[in-house]
Amino acid sequence: MPRTPDVPALAKGVLDGSRAVLARAITLVESTRADHRAAAQQLLLELMPHAGGAIRVGISGVPGVGKSTFIEALGTRLTAAGHRVAVLAVDPSSTRTRGSILGDKTRMGKLSVDENAFVRPSPSAGTLGGVARATRETIVLMEAAGYDVVLVETVGVGQSEVAVAGMVDTFLLLTIARTGDSLQGIKKGILELADVLAVNKADGDHEKDAHAAARELRGALRLLTPSSAHWQPPVLACSARTGAGLDDVWAAVQRHRATLEEHGELAQKRADQQVEWMWAMVRDQLMDRLRTDPRVRAAIPELESGVRAGQQTPTLAAQEILGLLGMADPAS
Ligand code: GDP
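Parameters at a glance
Residues numbered from 1 in each chain as written. Predicted model: local features only at pLDDT ≥ 70, side-chain atom pairs only at ≥ 80, totals over all residues. Heavy atoms only, no water. Phe/Tyr/Trp six-rings, centres within 6.5 Å; stacked < 30°, edge-to-face > 60°. Helix = DSSP H or I, 4+ residues; strand = E, 2+ residues; numbered from the N terminus. Buried < 20%, exposed > 50% of the residue type's maximum accessible area, 1.4 Å probe, protein only. Lys NZ or Arg CZ within 6 Å of the ring centre and 35° of its normal. Expected span 1.5 Å × (residues − 1). Bend = angle between axes of the 7 residues up to and from the residue. Contact = heavy atoms within 4.5 Å. Patch = residues over 30% accessible without salt bridge, like charges linked within 9 Å, V, L, I, M, F, W, Y side chains within 5 Å. Areas by Shrake-Rupley, 256 points an atom, 1.4 Å probe, with all protein chains shown as cover. Salt bridge = Lys/Arg side-chain N within 4 Å of Asp/Glu carboxyl O. Pairing = 2+ DSSP bridges. Core = buried A, V, L, I, M, F, W, Y, C linked by side-chain atoms within 4.5 Å. Domains from an automatic or database assignment. Polar contact = N/O pair within 3.5 Å; in protein donor to acceptor, adjacent residues only side chain to side chain. Axes fitted to C-alpha atoms, helices over the stretch in contact; angles between N-to-C directions. Buried area = accessible area lost by both parts, 1.4 Å probe.

Peer 1: How do you make sense of the packing of aromatic side chains when you look at a structure like this?
Peer 2: Where two aromatic rings form a pair, the distance of their centres and the angle of their planes describe that pair. With the rule as written, the count across this model stands at one aromatic pair. Aromatic pair Phe118 and Tyr147: ring centres 6.3 Å apart, planes at 80 degrees, arrangement edge-to-face. With Phe118 in strand 3 (residues 117–119) and Tyr147 in the loop between helix 6 (128–144) and strand 4 (149–155), this residue pair connects regions lying 29 residues apart in the sequence. On the basis of relative accessible area, Tyr147 is assigned to the buried category, the value being 2%. The lysine or arginine in question, Arg84, covers the ring of Tyr147, its NZ or CZ lying 4.3 Å from the ring centre.

Structure follows, in structure tokens:
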């Protein structure tokens, strides 16, 4: 995208549902160039009144659990039922050229050629904050273009889940039965984010194990304080391969969304997410300035070694760094 983009034309194309324009608009919000960033914000301001209409679902699980198989199976069911489905991904480690999460479209062969679906790989490698920002902004574009289901896939490692949980209505955690202990491999923090859990690969020889794992997980969840007084996360079993149980998983997602709406929690949740996003951007940009400011970079080795050697107090060193950014503590 070499020229400064024509924002009104992009806005019109997105609202008309043009796939080509939508792809260009996503490339624009993913760009880090200053003039692109400014144009992207104009575009988002124009489109925001047309956004918000989708059911936003995060889908997580460790690699191999069956996320792409699940999204392909669920997505094609949803488009067959008349929905328009957007599939996005948050994977800060990905590069588009190396086979990564959603990196090659063959992972979702049917969905990526389905005219009622739009599959977009994760923005390529960058900070989690940058990737999450682009994905949030892409959700606005997708909704303005009339997609009524937005699925955001993320890998089950690191902080990506927290970022995705902060941009969706319902967070679905996929897991599989593991002999002995189905909780192994699920970090406790992730369990607390989940609104719906599904034990995948409940087919063939694994079917019994999957149902046993679901029971075990239900027991474990009872020990956690639910995040909402109105919702206890259900644990289901399904098979992305055979399609068994997929309708029940989707019904649970819809029930969660309906429960939020019924208690006025959906609007509240989305408003809170917007404010949290604003602060996340402030934090990211401050950290970015810290990392890139040449004066700070030049001063850090000496300050760190002074603190290490006990010749400098951490507080004074911190004040010196903030001072270099023009943010000295007024009390000092
Ligand atoms: P991801 O890494 O979480 O996206 O997992 P994939 O969707 O790539 O699936 C990993 C492997 O598990 C592949 O070989 C799939 O064919 C297989 N798989 C996915 N879902 C199921 C399922 O429901 N049942 C069985 N038996 N295998 C599955």
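Peer 1: I tried to follow helix 12 (residues 294–308) on my own but got confused; where do I start?
Peer 2: Owing to its 3.6 residues per turn, the α-helix brings residues three or four apart onto one side. The terminal C-alpha atoms of helix 12, which comprises 15 residues, lie 22 Å apart, in line with the 21 Å expected from a rise of 1.5 Å per residue. The largest bend in helix 12 amounts to roughly 40 degrees and is located at Ile300, with the proline Pro301 lying one to four residues further along. Of the residues making up helix 12, those classed as buried are Val296, Leu303 and Gly306. Contacts from the buried residues of helix 12 go to helix 11 (265–292) and helix 13 (314–324). Backbone geometry just downstream of helix 12 places Gly310 in the positive-phi region, at approximately 75 degrees.

Peer 1: In this structure, what is going on with helix 11? I would like to understand it.
Peer 2: Compared with the 40 Å implied by 1.5 Å per residue over 28 residues, the 40 Å span of helix 11 between its first and last C-alpha is a close match. Of all the residues in helix 11, the buried ones are Leu266, Arg270, Gln273 and Trp277. Those residues of helix 11 that are buried lie in contact with strand 1 (55–61), helix 6, helix 7 (160–165) and helix 10 (246–262).

Peer 1: Could you clarify how one ought to interpret a nonpolar patch on the surface in this entry?
Peer 2: On the surface, Val275, Met278, Trp279, Val282, Leu286, Leu322 and Met327 cluster together to form a nonpolar patch covering roughly 580 Å² of accessible area. Broken down by element, the residue count for the nonpolar patch peaks at five residues, all from helix 11. Its place among the elements puts Trp279 in helix 11. Accessibility expressed as a relative area gives 46% for Trp279, which makes it partly exposed.

Peer 1: What am I meant to see in the pairing of strand 5 (residues 170–176) here?
Peer 2: Remark: a regular strand shows side chains that alternate across the two faces of the sheet. With seven of its seven residues buried, strand 5 lies for the most part within the structure. Neither face of strand 5 is left uncovered, since the one carrying Thr170, Leu172, Leu174 and Ile176 and the one carrying Phe171, Leu173 and Thr175 both have all their residues buried. Of the pairings in the sheet, the one linking strand 1 to strand 5 comprises four bridges and is parallel in character. In the strand pairing of strand 5, Gly58 is matched with Phe171. Examined bridge by bridge, strand 5 and strand 6 (residues 196–200) share five bridges and lie parallel to one another. The residue of strand 6 that forms the bridge with Leu172 is Val196.

Peer 1: What's the story with the nonpolar core in this structure? I'm lost.
Peer 2: As a rule of thumb, nonpolar side chains are buried together in soluble globular proteins. Among the nonpolar cores identified, the biggest contains 37 residues, and Val14, Leu22, Leu43, Leu47, Leu141, Met142 and Val150 are the most heavily contacted of them. Only helix 1 (7–15), helix 2 (19–30), helix 3 (34–47), strand 2 (85–90), helix 6, strand 4 and helix 7 provide two or more residues apiece to this core. Residue-level mapping places this core at the junction of two domains, with at least three residues from each of domain 1 (1–50) and domain 2 (51–263). Other than its neighbours up to four places away in sequence, Val14 contacts Val21, Leu22, Ala25, Leu47, Leu141, Ala144 and Ala145. Ile59, Ile71, Ala240 and Leu246 belong to the second largest nonpolar core, which has 30 residues in total.

Peer 1: Would you mind going over the environment of Tyr147 with me for this structure?
Peer 2: With 30 residues separating them in the primary sequence, Tyr147 and Ala117 have C-alpha atoms 8.2 Å apart. Contact partners of Tyr147, with chain neighbours within four places excluded, come to Arg19, Leu22, Ala54, Arg84, Val85, Ala86, Asn116, Ala117, Phe118 and Met142. In terms of polar contacts, Tyr147 uses its side chain to reach the side chain of Arg84, at 3.5 Å.

Peer 1: Explain the sheet that holds strand 5 to me, please; I cannot follow it from the model alone.
Peer 2: Within a sheet, neighbouring strands are paired by backbone hydrogen bonds and run either parallel or antiparallel to one another. The parallel open sheet is built from seven strands, whose spatial order is 3-2-4-1-5-6-7. At either margin of the open sheet sits one strand with a lone partner, and together these are strand 3 and strand 7 (235–237). The sheet shows a mean angle of 25 degrees between the axes of neighbouring strands, taken without regard to direction. Inspection of the sheet shows strand 2 paired to strand 4 by six bridges, in the parallel sense. Looking at strand 4, one finds that Ala86 is bridged to Val150.

Peer 1: Help me out: how do you make sense of the domain arrangement of the chain in this one?
Peer 2: Segmentation of the chain into domains returns domain 1 (1–50) and domain 2 (51–263). On the side of domain 2, 20 residues touch domain 1, which itself brings 20 residues to the contact. Around 1600 Å² of area is buried between domain 1 and domain 2 when both sides are counted, 58% of it from carbon and sulfur atoms. Taken as a group, Arg19, Ile26 and Glu30 account for 35% of the area that domain 1 buries against domain 2, more than any other trio of residues on that side. Linking Arg120 and Glu30 is a salt bridge whose minimum nitrogen-to-oxygen distance equals 3.2 Å. Connecting domain 1 to domain 2 are eight residue pairs in polar contact (both at pLDDT 80 or more). Among the secondary structure elements, those contributing two or more residues to the side of domain 1 that touches domain 2 are helix 1, helix 2 and helix 3.

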